[in-house]
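Inside the fold
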Amino acid sequence: MKKLYDKSELLFSILWVVVYCVISASIRGSFGEGSIVLLIGLAAIAISIFVFIKKFHLEKKYGLRKWHSNVKDYLYFVPVLILMTGNLWGGIEIAHKGMAQVFVVISMLLVGFIEELIFRGFLFRALLQKDPVPVAVTISAATFGIGHIVNLLTGQGNLETVFQILFAMAWGFLFTFLFYKTGSILVGVIVHGGVDVFSIFAAHEGGSEYGYVLAVLIVAIVYCVYLSRRPAALREETE
């Protein structure tokens, strides 16, 4: 892995994207979201990523650090914290029983960690080395969104998958901008994990999920325009 990383960080990141998508989609399709098999598979991927980053002292590069700022600047995160709860706007419903509920909650938290490190960490940082910021942000967000097409392999419907791709792409722009501007990926990990966890308790009544997708799309556009005007922590590090 280290040899590939040293040779091409972009190929390294693409390999992780492929490995993650194939493993998670195949396990979900065969065993479901509430299975211990999925939890073990995701845990193995998360541990592998974390060990790699720690072993080669890449925590700062990939944002595994606190965002040091004034207390008032934490208002910076209010829009995404509010949107994080969107899956609950239509009501709450328990979809799993017993230990399956525990397994699926932990699995969704691991998904938030893994996807942020792969798409915002590995992929975005690799793109940022050679591409202009708008290009790197767009490719990272688009790849994250399109990556959800693998949900078709788990039996998910076409229309639902299209909305999920748009939803994920909008979040991709938000998470990438937050990482670029703050230099920390931790907020993205927390919010991403929260979105995924709340999704398993969503009632999905009255078309509330479509309203949520629309809200995320609108806020993503407005908030990314706002974030684009703020100084960037990653730019300062690379200059």
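None of the values given here were measured: they were computed from a predicted structure.

Glancing now at the overall build of the chain. The helix and strand inventory of the chain stands at 10 helices and 0 strands. Here the chain holds 239 residues, and the buried ones make up 49% of them. Counting contacts in the chain only where the partners sit at least 6 residues apart, residues at least 24 apart contribute 80% of the total. Accessible surface computed for the chain: about 11700 Å², of which carbon and sulfur atoms make up 68%.

It is the contact of helix α2 (residues 9-31) with helix α3 (residues 36-55), at a shortest axis distance of 9 Å, that shows an interaxial angle of 165 degrees. In terms of orientation, α2 lies roughly antiparallel with respect to α3. For the element pair α2 and α3, the recorded crossing hand is left-handed. Along its contact with α2, which presents Phe12, Trp16, Tyr20, Ile23, Ser24, Ile27, Arg28 and Phe31, the element α3 presents Val37, Leu38, Gly41, Leu42, Ile45, Ser48, Ile49 and Phe52.

On the secondary structure map, Leu42 appears in helix α3. When its relative accessible area of 2% is taken as the criterion, Leu42 is described as buried. C-alpha of Leu42 to C-alpha of Ile27: the two residues are 15 residues apart in sequence and 9.8 Å apart in space. Dropping the residues within four chain positions of it, Leu42 is found in contact with Tyr20, Ser24, Ser107, Leu110, Val111 and Ile114.

Turning our attention to the packing of helix α5 (residues 99-128) against helix α6 (residues 133-146). Two elements in contact, α5 and α6, have axes separated by 9 Å at closest approach and are oriented at 150 degrees. The orientation of α5 with respect to α6, classified from their angle, is roughly antiparallel. Classified by chirality, the crossing of α6 by α5 is right-handed. Of the residues in α6, those in contact with Glu115, Phe119, Arg120, Leu123, Phe124, Leu127 and Leu128 of α5 are Val133, Ala136, Val137, Ile139, Ser140, Thr143 and Phe144. Partitioning the contact of α5 with α6 into residue classes produces 10 nonpolar, 2 polar and 2 charged.

Turning next to the pattern of salt bridges. One pass over the structure, following the stated rule, counts 4 salt bridges. Here Glu9 makes a salt bridge to Lys61, at a shortest N to O gap of 2.8 Å. Here Glu9 is found in helix α2, whereas its partner Lys61 is found in the loop between α3 and α4 (78-84), with 52 residues between them in sequence. When sorted by exposure, Glu9 lands in the same class as Lys61, which is buried. In this structure, Arg120 engages Glu116 in a salt bridge whose closest nitrogen and oxygen atoms are separated by 2.6 Å. Taken together, the residues span about one helical turn, with Arg120 and Glu116 both in helix α5 at a distance of 4 residues. The burial state of Arg120 is the same as that of Glu116; both residues are buried.

So, on to α3. Over its 20 residues, α3 extends 28 Å from the first C-alpha to the last, a length consistent with the 28 Å expected when each residue adds 1.5 Å. Of all the residues in α3, the buried ones are Leu38, Leu39, Gly41, Leu42, Ile45, Ala46, Ile49, Phe52 and Ile53. For α3, the elements touching its buried residues are α1 (2-7), α2 and α5. One or two positions beyond α3, positive phi appears at His57, with a value near 55 degrees.

Taking 1.5 Å per residue as the helical rise, α2 with its 23 residues ought to reach 33 Å, and the 33 Å between its terminal C-alpha atoms agrees with that figure. The complete set of buried residues in α2 reads Glu9, Phe12, Ser13, Trp16, Val17, Tyr20, Cys21, Ser24, Ala25, Ile27 and Arg28. In this structure, the buried side of α2 is in contact with α1, α3 and α5.

Membership of the largest hydrophobic core comes to 71 residues, with the highest contact counts inside it found for Ile49, Ile53, Ile114, Leu117 and Trp171. Elements represented by at least two residues in this core include exactly α2, α3, α4, α5, α6, α7 (158-182), α8 (186-199) and α9 (208-227). Sequence-distant contacts of Ile49, that is, excluding residues within four places in its chain, are made with Trp16, Ile114, Leu117, Ile118 and Phe122.

The rules behind these values
Along each chain, residue indices are assigned from 1 in the same order as the chain's sequence is written. Given that the model is predicted, a residue must reach a pLDDT of at least 70 before its local features are reported, and side-chain atom pairs must reach 80 or more before they are shown or counted; all residues, however, enter totals for whole chains, interfaces and linings. The side-chain quantities take in all heavy atoms of the structure and omit both hydrogens and water. Counting from the N terminus, the helices are DSSP H or I runs at least four residues long and the strands are E runs at least two residues long. To sort residues, take the accessible area from a 1.4 Å probe on protein chains only and compare it with the maximum for the residue type: under 20% means buried, over 50% means exposed, and anything in between is partly exposed. In what follows, residue pairs with any heavy atoms lying within 4.5 Å of each other are defined as contacts. The protein chains shown are the only cover counted for residues, whose accessible areas, like all others here, come from Shrake-Rupley with a 1.4 Å probe. Axis angles are defined between N-to-C directions and span 0 to 180 degrees, where every axis is a line fitted to C-alpha atoms and, for a helix, only to the segment in contact. An angle counts as roughly parallel when it lies under 35 degrees, as roughly antiparallel when it exceeds 145, as roughly perpendicular when it falls between 65 and 115, and as oblique in every other case. The handedness criterion is simple: a crossing whose near helix is rotated anticlockwise from the far helix by less than a right angle is left-handed, and one whose near helix is rotated clockwise is right-handed. Residues are grouped as follows: Ala, Val, Leu, Ile, Met, Phe, Trp, Tyr, Cys and Pro are nonpolar; Asp, Glu, Lys and Arg are charged; every other residue, Gly included, is polar. When a carboxyl oxygen of Asp or Glu lies within 4 Å of a side-chain nitrogen of Lys or Arg, that pair is called a salt bridge. Expected helix span is taken as 1.5 Å per residue step, with the number of steps being one fewer than the number of residues. Buried residues of nine kinds, namely Ala, Val, Leu, Ile, Met, Phe, Trp, Tyr and Cys, make up a nonpolar core once their side-chain atoms join them within 4.5 Å.

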